[in-house]
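Structural characterization, general
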Amino acid sequence: MTDQSGEHRGRMTKDGIRIHEAADFAGMLKAGQVSAQILDEVAELVEVGQTTAALDAFIERRAGELGSKSATIGYKGYQHASCISVNHVVCHGIPGEKKLKDGDILNIDVTVIVDGWFGDTSRMYVAGKLGRKAERLIEVTHEALFKGIEAVKPGNTFGDIGHAIQTYVEGHRMGVVRDFCGHGLGTVFHAPPNVLHYGRAGTGPVLEEGMFFTIEPMVNLGRPETKVLADDWTAVTRDKSLSAQFEHSIGVTATGCEIFTLSPTGKFHPTY
């Protein structure tokens, strides 16, 4: 996806990555907390028989009530306030009238704009009883995100993030999706760098205080390959295996990072 225009703040690295000012962290935290609150609240509606269209309608309504604007409605022609990806859908699932079945797992991805700042996050949910294989996939994906976040500190590289995620996921004999990645953000939706969820340690741009970006690993129970359906949005696993994803927006600090999209009520993981 291409950038959206936004206010220019801070300096730019040679790799085109914006270095934000200390005051900008507050704006990102405010936006991130709105998106996280929406995902907390929608959890109560995820149940057998519910439609993803109904979930999306709730998300759109709450975004407005919380003083934010959906970043995805109208983005490159997209007309929904969320992407909802069920079972073997990897990402960019379009909300619709199909009802959730017992054991379905789904990723809900929400991005809102608050005072010009973008808050982008996603997490997993389950309708009904969670199956053992799906539970294991969700656990590995959740831990992979935090393995990546642990690698974030000034002086490390983006390759260190990808290597930490890939090593952990493949150690559990699952596939890391390579066709989609995290991205820079701030007063724009998508900006440099591309944050790969695989790679070699010590490679790529060096992390600096003031960088804002998402880490959002997509993990398949089977092979990593994906394909995009005829709607030009929905990405699915080629082997029809289950897929999971978790996403946080973060900012690099002097000693590590700040997570802008932490769940206000600790609901980030569906079994917590």
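Our subject is the structure listed above.
What comes next concerns the included structure.

Rules used throughout
- Residues numbered from 1 in each chain as written.
- Predicted model: local features only at pLDDT ≥ 70, side-chain atom pairs only at ≥ 80, totals over all residues.
- Heavy atoms only, no water.
- Axes fitted to C-alpha atoms, helices over the stretch in contact; angles between N-to-C directions.
- Helix = DSSP H or I, 4+ residues; strand = E, 2+ residues; numbered from the N terminus.
- Parallel < 35°, antiparallel > 145°, perpendicular 65-115°, else oblique.
- Left-handed = near helix turned anticlockwise from the far one by under 90°.
- Contact = heavy atoms within 4.5 Å.
- Nonpolar A, V, L, I, M, F, W, Y, C, P; charged D, E, K, R; others polar.
- Expected span 1.5 Å × (residues − 1).
- Buried < 20%, exposed > 50% of the residue type's maximum accessible area, 1.4 Å probe, protein only.
- Pairing = 2+ DSSP bridges.

1. Some details on the packing of helix H1 (residues 24-42) against helix H2 (residues 52-65)
- At a minimum axis separation of 10 Å, H1 and H2 run at an interaxial angle of 140 degrees. The orientation of H1 relative to H2 falls into the category oblique. Regarding H1 and H2, the two cross each other, and that crossing is right-handed. Note on element contacts: H2 touches H1 through Leu55, Phe58, Ile59, Arg62 and Ala63, opposite Gln37, Ile38, Glu41 and Val42.
- Its residues assigned to classes, the contact of H1 with H2 shows six nonpolar, one polar and two charged.

2. Description of helix H4 (residues 158-171)
- Over its 14 residues, H4 runs 20 Å from end to end, which matches the ideal 20 Å to within 8%, given 1.5 Å per residue.
- Taken as a whole, H4 has its buried residues at Phe158, Gly159, Asp160, Ile161, Gly162, Ile165, Gln166 and Val169.
- In this structure, the buried residues of H4 make contact with helix H3 (132-150), strand S8 (175-176), strand S10 (191-195), strand S11 (212-215) and strand S12 (218-220).
- Positive backbone phi, approximately 60 degrees, marks Arg173, located one or two places after H4.

3. Description of the sheet that holds S8
- Spatial strand order, S8-S12-S15: three strands in an open sheet with antiparallel pairing. Of all strands in the sheet, those bounded by a partner on one side alone are S8 and strand S15 (243-245).
- Inspection of the sheet shows S12 paired to S15 by three bridges, in the antiparallel sense. Residue Val219 lies in a different strand from S15, and its bridge partner there is Ala244.

4. A short note on the pairing of S11
- Alternating positions in S11 separate into two faces, Phe212 and Thr214 on one and Phe213 and Ile215 on the other, with burial throughout.
- Pairing of S11 with strand S16 (residues 248-252) involves four bridges; the strand directions are antiparallel. Each residue of the ladder has a partner; that of Phe212, found in S16, is Gly251.

5. Observations regarding the sheet that holds strand S13 (residues 226-228)
- Pairing within the open sheet is antiparallel, and its three strands lie in the order S5-S14-S13. Strands at the two margins of the open sheet, each flanked by one partner only, are strand S5 (89-91) and S13. If you compare each strand with its neighbour and ignore which way they point, the axes differ by 40 degrees on average.
- Of the pairings in the sheet, the one linking S13 to strand S14 (residues 235-237) comprises three bridges and is antiparallel in character. In the strand pairing of S14, Val228 is matched with Ala235.

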